Amino acid sequence: MRQETEITAKVYAAKQDVQKADALIRAYIPFIRAEASRALSQFCTEQDDAFSIAMMAFHEAILGYEQDRGSFLSYAALRIRSRLLDEQRKQARHDKELSLETPNDGDNDSTLADTLQETSNPIEDAEVQQATRQEILELAAVMQTFGVSFADVADNAPKQERTLEACGQAIRWAGAHPELLDELLRTKKLPMTKLVKGSGVERKTLERHRKYVLAMLLVQTNGYEIMRGHLRRVLRKRRPTA
């Protein structure tokens, strides 16, 4: 009982302090890794993508925990298992649509699998994963000040290709106008009117996916170099098909 009381006190302190949240996550890395391994039914290392997802889920558990939900560790374990299960389902759907043998953009016949083999470097990969984890923790803390979590973003993300491209158009326009991003950080409000007028995207579309757009704009602000680089690739305009 005393141990649970101490953990609860640390969790509540971590809700208000990013450094304390970071310290709590580091202290429970063995727990996070064990729960990820249990959810996957196989050993999970700190270099696995699943571990990064489990860390995000643990951080979300810190932010979402209330004492009436019972033991924090039980609650965190449930969040980790739920998040990894969702990711497995998402990956299964994705695998049906994209094969590693799909040719890359360009004139050559190389595939995505070829590219991954050419660029893989274990030491660099480990460094990038560590830096990515840190960016995720920092972004989660900033998103919290806007009342948005990664779970909210996943739920609010556009499902249709046309809507995704429309939101991407608005995000790209905002990224090219740093004064709008500065206003976002200063006022803690999405400057919707300016975003609609500048990007030409319908207001109802952006309103419907407000939390997703907000998170993507936060990625465009200072820092988050790794995530911003990934975002540029994701939001790159598609080439017209013949």
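Residues numbered from 1 in each chain as written. Predicted model: local features only at pLDDT ≥ 70, side-chain atom pairs only at ≥ 80, totals over all residues. Heavy atoms only, no water.

1. Overview of the confidence of the model for the protein
Line of reasoning, step 1. Per-residue pLDDT for the protein has a mean of 77; in total, 73% of the residues score no lower than 70.
Line of reasoning, step 2. Confidence drops under pLDDT 50 across residues 96-107; counting only partners more than four residues distant or on other chains, this segment forms 18 contacts.
Line of reasoning, step 3. Note that pLDDT drops below 50 for residues 111-120; the model gives that stretch 14 contacts with residues more than four away or on any other chain. (pLDDT = per-residue confidence, 0-100. Contact = heavy atoms within 4.5 Å.)

2. A few points about the layout of surface pockets
Line of reasoning, step 1. Here the second largest pocket is characterised by a volume of approximately 170 Å³.
Line of reasoning, step 2. Together, E60, L63, G64, R79, Q144, G147, V148, S149, A151 and D152 line the second largest pocket.
Line of reasoning, step 3. In terms of residue count, the dominant contributor to the lining of the second largest pocket is helix α4 (residues 49-64) (three residues).
Line of reasoning, step 4. Residue composition of the lining of the second largest pocket, grouped by class: three nonpolar, four polar and three charged. (1 Å grid on protein atoms, 1.4 Å probe; cavity = no way out; pocket = protein on both sides within 12 Å on 5 of 7 lines; lining within 4 Å. Points joined across faces, edges and corners; volume = space filled by probe spheres on them. Helix = DSSP H or I, 4+ residues; strand = E, 2+ residues; numbered from the N terminus. Nonpolar A, V, L, I, M, F, W, Y, C, P; charged D, E, K, R; others polar.)

3. Here we look at the packing of aromatic side chains
Line of reasoning, step 1. Per the counting criterion, the structure on display carries seven aromatic pairs.
Line of reasoning, step 2. Aromatic pair Y28 and F58: ring centres 6.0 Å apart, planes at 25°, arrangement stacked. Placement of Y28 in the loop between α2 (18-27) and α3 (29-40) and of F58 in helix α4 is noted, with a sequence separation of 30 residues between them. Of the two residues, Y28 and F58, neither departs from the other in class, the shared state being buried.
Line of reasoning, step 3. Members of the aromatic cluster, each reached through a chain of ring pairs, are Y12, Y28, F31, F58, Y65, F72 and Y75. (Phe/Tyr/Trp six-rings, centres within 6.5 Å; stacked < 30°, edge-to-face > 60°. Buried < 20%, exposed > 50% of the residue type's maximum accessible area, 1.4 Å probe, protein only.)

4. Concerning the environment of T193
Line of reasoning, step 1. You can see T193 is positioned in helix α11 (residues 192-199).
Line of reasoning, step 2. Between the C-alpha atoms of T193 and R203, which are ten residues apart in sequence, the distance is 7.9 Å.

5. Focus on unusual backbone geometry
As a rule of thumb, non-glycine residues mostly have phi less than zero, and peptide bonds are mostly trans rather than cis.
Line of reasoning, step 1. For S41, which is not glycine, the phi torsion reads 60° and is therefore positive.
Line of reasoning, step 2. For S41, the location among the structural elements is in the loop between α3 and α4.
Line of reasoning, step 3. The phi dihedral of K188 is positive, around 60°, even though this residue is not glycine.
Line of reasoning, step 4. Residue position: K188 is located in the loop between α10 (178-187) and α11.
Line of reasoning, step 5. With a relative accessible area of 42%, K188 lands in the partly exposed category.

6. Looking at the pattern of salt bridges
Line of reasoning, step 1. Using the criterion set out here, one finds eleven salt bridges in the structure.
Line of reasoning, step 2. Of the charged contacts in the structure, one is a salt bridge between R172 and E165, with a shortest N-O distance of 2.6 Å.
Line of reasoning, step 3. Exposure remark for R172: the relative accessible area of 23% places this residue in the partly exposed category.
Line of reasoning, step 4. For E165, a relative accessible area of 30% puts it in the partly exposed group.
Line of reasoning, step 5. With a closest N to O distance of 2.7 Å, R210 and E207 form a salt bridge. (Salt bridge = Lys/Arg side-chain N within 4 Å of Asp/Glu carboxyl O.)

7. Here's the deal with empty space enclosed by the protein
Line of reasoning, step 1. Taken as a whole and assessed by the stated rule, the structure comprises two cavities of 30 Å³ or more.
Line of reasoning, step 2. Within this model, the largest cavity holds a volume of roughly 50 Å³.
Line of reasoning, step 3. Lining the largest cavity, in full, are S52, M55, M56, H59, R133, I136, L137 and A140.
Line of reasoning, step 4. Breaking the lining of the largest cavity down by element, the ones donating at least two residues are α4 and α7 (122-145).
Line of reasoning, step 5. Of the residues assigned to the lining of the largest cavity, the class counts are five nonpolar, two polar and one charged.
Line of reasoning, step 6. In this structure, the second largest cavity spans a volume of roughly 40 Å³.
Line of reasoning, step 7. In terms of lining, the second largest cavity is formed by V18, A21, D22, I25, H59, L137 and A141.

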